[in-house]
Amino acid sequence: MRILLVEGEKRMAQALCEILRLENYATDHYSDGISGLAAVESNIYDIIILDVMLPGMDGFEIARTVRQKGIHTPILMLTSKSQLDDKVTGLDSGADDYLTKPFMTKELLARLRALTRRTLPLTADGTLTYGDIALDTGTLTLSCTANGQSVRLSEKEYRILEYFIANQGQILTREQLAVKIWGFENEAEYNNVEVYMSFTRKKLSYIEAQTKIKAVRGIGYELRCGNV
């Protein structure tokens, strides 16, 4: 799960980035509206946390702009204003949820989990499943539901499987994987994708899962269940 945080207050941004990191969210942060809009338009994020008061362009305008461009990524809007009109404006601009500063960490995480359920096929206990594999989003543990075997994943391995499960049935290119896992400003080379793909495939083999990551010649990779 990759989150975009567009927050102008430095201390708030640092605190949020640390909270999200501890919860296993990959997070990119931008402090102004112009850079934030460009990041949103890359369309690689699963959730956007968007402050209202930003230099260059406010959160309302960013939300309106991306919705007009057909980007439907869930938006959690943050503001220090609690007036009803501001909440209505935020929701009408395209935000999916609204949180007023100051807020409790537990409430922020609960709202993020609610938004996550809209984008990922999570079970009630926060597990991602596909075929005969289950991915625990809290402990980064991969299990085979057929035999009970499990293995701990690295952060990159976890994000690779999470991305495949979220896009099950689709072929993902090396370019898509590089941008999604490492970020669109990261200069990750294709061999990084190949290396971590090999690690991830070995973990699936280790737990003897029938679900495999199959290479599609000249295109990329696809998550498949069984011998399909």
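Residues numbered from 1 in each chain as written. Predicted model: local features only at pLDDT ≥ 70, side-chain atom pairs only at ≥ 80, totals over all residues. Heavy atoms only, no water.

Caption draft 1: Spatial organisation of the pairing of strand S2 (residues 26–30). Burial of S2 is one-sided: the residues Ala-26, Asp-28 and Tyr-30 facing one way are buried, the residues Thr-27 and His-29 facing the other way are not. Pairing of strand S1 (residues 2–6) with S2 involves 5 bridges; the strand directions are parallel. Note that in S2 the partner of Val-6 across the bridge is Tyr-30. The handedness of the S1 to S2 crossover, carried by helix H1 (residues 10–22), is right-handed. (Buried < 20%, exposed > 50% of the residue type's maximum accessible area, 1.4 Å probe, protein only. Helix = DSSP H or I, 4+ residues; strand = E, 2+ residues; numbered from the N terminus. Pairing = 2+ DSSP bridges. Right-handed = clockwise from strand over helix to strand, strands pointing away.)

Caption draft 2: Spatial organisation of the confidence of the model for the chain. Confidence along the chain averages 89 in pLDDT terms, with 94% of residues attaining 70 or more. Per-element confidence in the chain ranges from a low mean pLDDT of 76 for helix H4 (residues 84–93) to a high of 97 for strand S9 (residues 150–152). (pLDDT = per-residue confidence, 0-100.)

Caption draft 3: Spotlight on the packing of helix H2 (residues 33–41) against helix H3 (residues 59–68). Running from N to C, H2 and H3 point in directions that differ by 25°, and their axes come no closer than 10 Å. Here H2 is positioned roughly parallel relative to H3, judged by the angle of their axes. Where H2 crosses over H3, the two elements pack in a sense that is right-handed. Side by side, H2 and H3 meet where Gly-33, Leu-37, Val-40 and Glu-41 of the first sit next to Ile-62, Thr-65 and Val-66 of the second. For the contact of H2 with H3, a count of residues per class yields 4 nonpolar, 2 polar and 1 charged. (Axes fitted to C-alpha atoms, helices over the stretch in contact; angles between N-to-C directions. Parallel < 35°, antiparallel > 145°, perpendicular 65-115°, else oblique. Left-handed = near helix turned anticlockwise from the far one by under 90°. Contact = heavy atoms within 4.5 Å. Nonpolar A, V, L, I, M, F, W, Y, C, P; charged D, E, K, R; others polar.)

Caption draft 4: The side chain of Asp-46, seen in detail. Along the chain, Asp-46 falls in the loop between H2 and strand S3 (47–51). Separated by 3.1 Å, the side chains of Asp-46 and Lys-180 make a polar contact. (Polar contact = N/O pair within 3.5 Å; in protein donor to acceptor, adjacent residues only side chain to side chain.)

Caption draft 5: Broad picture of the pattern of salt bridges. By the definition in use, this model includes 14 salt bridges. Across the salt bridge formed by Glu-41 and Lys-69, the nearest N and O atoms sit 2.4 Å from each other. Taken as a pair, Glu-41 in helix H2 and Lys-69 in the loop between H3 and strand S4 (75–79) lie far apart in primary sequence, 28 residues in all. (Salt bridge = Lys/Arg side-chain N within 4 Å of Asp/Glu carboxyl O.)

Caption draft 6: Fine view of H2. Those residues of H2 that sit buried are Gly-33, Gly-36, Leu-37, Ala-39 and Val-40. Considered in projection along H2, the buried side chains sweep an arc of 160° and stay on one side of the axis. On its buried face, H2 is in contact with S1, S2, S3 and H3. A positive phi of about 60° marks Asn-43, the residue just after H2. (Arc of directions from axis to C-beta.)

Caption draft 7: Inspection of the packing of aromatic side chains at higher detail. Enumeration over the complete set of coordinates arrives at 2 aromatic pairs. Between Trp-182 and Tyr-196, the aromatic rings sit 5.7 Å apart at their centres with planes inclined by 65°, giving edge-to-face as the arrangement. With a gap of 14 residues between them, Trp-182 in helix H7 (residues 174–182) and Tyr-196 in helix H8 (residues 190–206) connect regions that are remote in the sequence. For Trp-182, a relative accessible area of 14% gives the class buried. Among the residues examined, Tyr-196 registers a relative accessible area of 27% and is labelled partly exposed. Taken together, a centroid distance of 5.6 Å and an interplanar angle of 80° make the contact between Tyr-196 and Phe-199 edge-to-face. (Phe/Tyr/Trp six-rings, centres within 6.5 Å; stacked < 30°, edge-to-face > 60°.)

Caption draft 8: Quick look at the nonpolar core. Counting 46 residues, the largest nonpolar core has Leu-112, Leu-142 and Phe-164 as its most contacted members. When residues in this core are grouped by element, the largest group, 6 residues, is from helix H6 (residues 155–166). Listed in part, the 22 residues of the second largest apolar core include Tyr-45, Ile-48, Met-77 and Ala-95. (Core = buried A, V, L, I, M, F, W, Y, C linked by side-chain atoms within 4.5 Å.)

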